[in-house]
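# Close look at the chain arrangement
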Protein chains: 2
Amino acid sequence: MAKRKAVSIKDVARESNASLTTVSLVLNNRDGRISRATRERVLSAVERLGYRPSRLAQSLQSQRSGFLGILVPQLRHAFADIYFGELISAIQETAAENDYKIILDVANPRYLERNHHLELFRRHYIDGLLCLGVTNNDTYLDDFSDDHPVIVVNNRVAGIDLDFVQCDYAEAGRIAATHLCELGHKKIGYIHGATEVQTTADLRDGFEDVLNRLKLSLPTSRTEDGLYTEEGGAAAAIALLTRDPGITAIFSGNDKMAIGAISGLKQIGKRVPDDVSVIGCDDIHHAEFCDPPLTTIHTPIFEVGARACKLLLDLISSKAESVRETQAVSLSVRKSTAAPRKGRNGATQ
Amino acid sequence: MAKRKAVSIKDVARESNASLTTVSLVLNNRDGRISRATRERVLSAVERLGYRPSRLAQSLQSQRSGFLGILVPQLRHAFADIYFGELISAIQETAAENDYKIILDVANPRYLERNHHLELFRRHYIDGLLCLGVTNNDTYLDDFSDDHPVIVVNNRVAGIDLDFVQCDYAEAGRIAATHLCELGHKKIGYIHGATEVQTTADLRDGFEDVLNRLKLSLPTSRTEDGLYTEEGGAAAAIALLTRDPGITAIFSGNDKMAIGAISGLKQIGKRVPDDVSVIGCDDIHHAEFCDPPLTTIHTPIFEVGARACKLLLDLISSKAESVRETQAVSLSVRKSTAAPRKGRNGATQ
DNA sequence: TAGAATAGATAAAACCTTTTACCGAATCGA
DNA sequence: TCGATTCGGTAAAAGGTTTTATCTATTCTA
């Protein structure tokens, strides 16, 4: 691993009998002031030496790093999560198309305590930041001053005035409720994720909204925390059905928990959708391949990621002042929901 | 977004009536040459001004970027894949512990054609590179010269002499074959992933090795490509059983395809494991929550990622010269494998 | 008290670009 | 032929660090 010294613009200048400036001008195509002969001489020297400008020096000079940061929360192996993966894919693709590179950071307590999130800007690591998996407890978002381009992706933070791009989770809740009610369900259980996530609150609001309008309530006895995980979803479903065997349908705050719920229901001898319907939210790739294939609300996660990245770039280049966008969602009907069986239909209990 | 000028070391020097050098010396704790009084004066100015050294300037000076690159292949939404996610989690965690940050790049054809992978080093983006999801077709790996720290993660490349950290896939194949044979299976199908991946070849070699030793062959008729996806796994399982209904067990090159295979088998009325046993490889988190829970080979992916990152850092700091490591794998028995039913046991066909 | 040693601080070079301001030579108009 | 353009090119500053070599007091030794 012997580091041979990197070739710099000086070497090119010497090799081509031109000045530093001339080389730089040629390379950056600054107005056509350089003669054809000189240009070719420089270019051939560049080729010969294999010269490539140092991005460190360029960034230092231009005061732009060319990096975008992605900040994800600390979860069990954060990046192994399909939801974050999808967002990150979208962001990196969009960034690459615009000649930006992506830096990945995990906002664990130690990280925040040491103000590493602020260092990101202060020490010129990045030109803009995308925050994923944010909750209402993430007060560190308040630290970012107005002149730091920051966008919250697929979420909002109650009480903090930040730019965001999100899906319409209130509408998602309404669609799920409407679907189940139209099938004839009356006693519907709800498995929720972390309540400190704003979109989770939106989802529930939309869901309850429709239920209330139809005079169907959502008592806390039909509500369980599924911890956003498969295990949690399974446990929640079992708890719900044990407490209230009259439940004929379950709405789960995400697909992971929905898949867990189906597995939990099977464990206690319930068939899906014959005995209990299950509807999820997200439409992860895997949803199509469970047994039964999962009916769910499709949320355009990839598009949200791509859009957030694009708008962040606009923020950086001052093409935009403020970003607040909400994307439409839709129902994706598969095999995990059906009409309740006659005779068990709510009235039994 | 009015950018107020960032405070530099010069400002601190002025504010504290000291020279640039003194400030730098204080900040970097260079030998105790600075008097207590001066040190405090400087530190208080730093505090007052909120000064943080520019990492661009530091990197330019030190010729170390403080970044590690992760290069992943272009797949459908690469980062949404659990396998890559797990590796990336491990790498980012290890990097952060060592004060390195992670840059994410996707090696699509355009990227490689423009030699962006070489620019990574030449233009001082990164100090070292980790290549994920590499195949034997990835000749671009040959471009990296000896003085560029590069490690291939959980793979090798036939014919190219590169550093790597991997799981013992040959052993994984042997374990799977042994498990199925011990249960009494004779006609075993095999769903493979991309044949251009070296570890896939290792896996098959180990698998066939045991089969051959027991005088059980693996004819091509019992072999199908599952494309590494759930859909592919489902289609492959259906194809296998259609072609040879006597098959009583299937070994799948990864868990995703195994889960797809189970779903495919159900579609054609086969029960798992009653009619057909299925064993996977990887032990992804989800494997525990399928129906039935998947028997699989546990590969320590997270550890491989962490180890690869650690060794890359050793390479960078010249603590290591060359890296070649193979991690042990183990059998994780769940509910998707069982002894074949009497009377259908191979002899039928 | 002269000379040496030491403590404390600094000027300047180096890292590598881009950009501004300037200079000399050739060309042009009158 | 003189003055003004234009053309081709360059020196130098700026961007923010770290480090080396150097300088000036002060204290110590003989």
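First things first, this report covers the structure right here in the doc.

Scoring rules and cut-offs
- Residues numbered from 1 in each chain as written.
- Chains lettered and ligands numbered in written order.
- Predicted model: local features only at pLDDT ≥ 70, side-chain atom pairs only at ≥ 80, totals over all residues.
- Heavy atoms only, no water.
- Helix = DSSP H or I, 4+ residues; strand = E, 2+ residues; numbered from the N terminus.
- Buried < 20%, exposed > 50% of the residue type's maximum accessible area, 1.4 Å probe, protein only.
- Contact = heavy atoms within 4.5 Å.
- Areas by Shrake-Rupley, 256 points an atom, 1.4 Å probe, with all protein chains shown as cover.
- Lys, Arg positive; Asp, Glu negative; His and termini not counted.
- Charge placed at Lys NZ, Arg CZ, Asp CG, Glu CD.
- Arc of directions from axis to C-beta.
- Pairing = 2+ DSSP bridges.
- Axes fitted to C-alpha atoms, helices over the stretch in contact; angles between N-to-C directions.
- Salt bridge = Lys/Arg side-chain N within 4 Å of Asp/Glu carboxyl O.
- Polar contact = N/O pair within 3.5 Å; in protein donor to acceptor, adjacent residues only side chain to side chain.
- 1 Å grid on protein atoms, 1.4 Å probe; cavity = no way out; pocket = protein on both sides within 12 Å on 5 of 7 lines; lining within 4 Å.
- Points joined across faces, edges and corners; volume = space filled by probe spheres on them.
- Nonpolar A, V, L, I, M, F, W, Y, C, P; charged D, E, K, R; others polar.
- Phe/Tyr/Trp six-rings, centres within 6.5 Å; stacked < 30°, edge-to-face > 60°.

## Description of the overall build of chain A
Scanning chain A from terminus to terminus reveals 12 helices and 12 strands. With respect to the principal axes defined by its C-alpha atoms, chain A has extents near 95 × 40 × 40 Å. Residues classed as buried in chain A amount to 57% of the 349 residues present. Contacts spanning at least 24 positions in sequence make up 70% of the contacts within chain A whose residues lie at least 6 apart. Accessible area for chain A stands at about 15,200 Å²; split by element, carbon and sulfur atoms hold 48% of it. Mean positive and mean negative side-chain charge positions of chain A (42 and 45 charges, respectively) differ by 5 Å.

## Considering helix H2 (residues 20-27) of chain A
Residue and element names in this part refer to chain A. For H2, every residue scored as buried is listed here: Thr-22, Val-23, Leu-25 and Val-26. An end-on view of H2 places all buried positions within 165 degrees of arc, on one side of the element. Tucked into the core, H2 has its buried residues touching helix H1 (9-15) and helix H3 (36-49). Looking at the residues trailing H2, positive phi occurs at Asn-29, about 50 degrees.

## Re unusual backbone geometry
Going from A:Val272 to A:Pro273, the amide bond is cis rather than trans, its omega being 5 degrees. Its place among the elements puts A:Pro273 in the loop between helix H11 (255-267) and strand S9 (277-282). In this structure, the amide linkage connecting B:Asp291 to the following residue, B:Pro292, adopts the cis form with an omega of -5 degrees. When you line up the elements, B:Pro292 lands in the loop between strand S9 (277-282) and strand S10 (295-298). One non-glycine residue, A:Gln63, adopts positive backbone phi at about 65 degrees. For B:Tyr228, which is not a glycine, the phi torsion comes out positive at approximately 65 degrees. Among the structural elements, B:Tyr228 can be located in the loop between strand S7 (223-225) and helix H10 (230-243).

## Examining the sheet that holds strand S8 (residues 249-252) of chain B
Residue and element names in this part refer to chain B. Reading across from one edge, S7-S6-S8-S9-S10-S12 is the order of the 6 strands in this open sheet, with mixed pairing throughout. Where the open sheet ends on each side, the last strands, each with one partner, are S7 and strand S12 (330-332). Sheet twist, expressed as the average angle between the axes of neighbouring strands with direction ignored, equals 20 degrees. Bridging between S8 and S9 involves 3 bridges; their strand directions are parallel. Along S9, the bridge assignment pairs Ile-250 with Val-278. Sheet strands in contact with helix H9 (residues 198-213) are strand S6 (188-192), S7, S8 and S9, and its direction is about 170 degrees off that of S6. Contacts from H10 reach S6, S7 and S8, with the element oriented near 155 degrees to S7.

## A closer look at the pattern of salt bridges
If charged atoms from side chains of opposite charge come close, those side chains can pair. All names here are of chain A. For the structure on display, the rule yields 46 salt bridges over all chains. Between Asp-161 and Arg-324 there is a salt bridge; the shortest N-O distance is 2.9 Å. On the criterion of sequence distance, the pair formed by Asp-161 in the loop between strand S4 (150-153) and strand S5 (163-167) and Arg-324 in strand S11 (residues 324-327) is long-range, its members being 163 residues apart. On the accessibility criterion, Arg-324 (42% relative accessible area) is partly exposed. Counted as one network, the salt bridges with shared partners bring together Glu-171, Arg-174, Asp-209 and Arg-213.

## Considerations on the side chain of A:His286
Tracing the sequence through the fold places A:His286 in the loop between S9 and strand S10 (295-298). At 2.9 Å, the side chain of A:His286 and the side chain of B:His286 are in polar contact. Setting aside residues no more than four positions away along its own chain, A:His286 makes contact with A:Ile259, B:Glu230, B:Ile259 and B:His286.

## Quick look at the environment of A:Ile268
Relative to the helices and strands, A:Ile268 resides in the loop between H11 and S9. On a C-alpha basis, the gap between A:Ile268 and A:Arg341 in space is 18 Å, while along the polypeptide they are 73 residues apart.

## A few points about empty space enclosed by the protein
Following the criterion strictly, the structure yields 2 cavities of 30 Å³ or more and no others. In this structure, the largest cavity occupies an estimated 190 Å³ of space. Contributing to the lining of the largest cavity are 16 residues, with A:Cys290, A:Asp291, B:Phe289, B:Cys290 and B:Asp291 lying nearest its centre. Partitioning the lining of the largest cavity into residue classes produces 8 nonpolar, 4 polar and 4 charged. By volume, the second largest cavity amounts to about 30 Å³. The residue makeup of the lining of the second largest cavity, split by class, is 6 nonpolar, 1 polar and no charged.

## Re the packing of aromatic side chains
Evaluation of the coordinates by the stated rule reveals 13 aromatic pairs over all chains. Ring centres of A:Phe67 and B:Phe67 lie 5.2 Å apart, and the angle between their planes is 65 degrees; on these two criteria the pair is classed as edge-to-face. In this pair, A:Phe67 is assigned in strand S1 (residues 67-73) and B:Phe67 in strand S1 (residues 67-73), connecting two distinct chains. Each of the two residues, A:Phe67 as well as B:Phe67, counts as buried. With 4.7 Å between their ring centres and 35 degrees between their planes, B:Phe207 and B:Phe251 make a pair best called tilted. Here B:Phe207 is found in helix H9, whereas its partner B:Phe251 is found in strand S8, with 44 residues between them in sequence. Like B:Phe251, B:Phe207 is buried. Ring-pair connections join several aromatic residues into one group, and the members of that group are A:Phe67, A:Tyr125, B:Phe67 and B:Tyr125.

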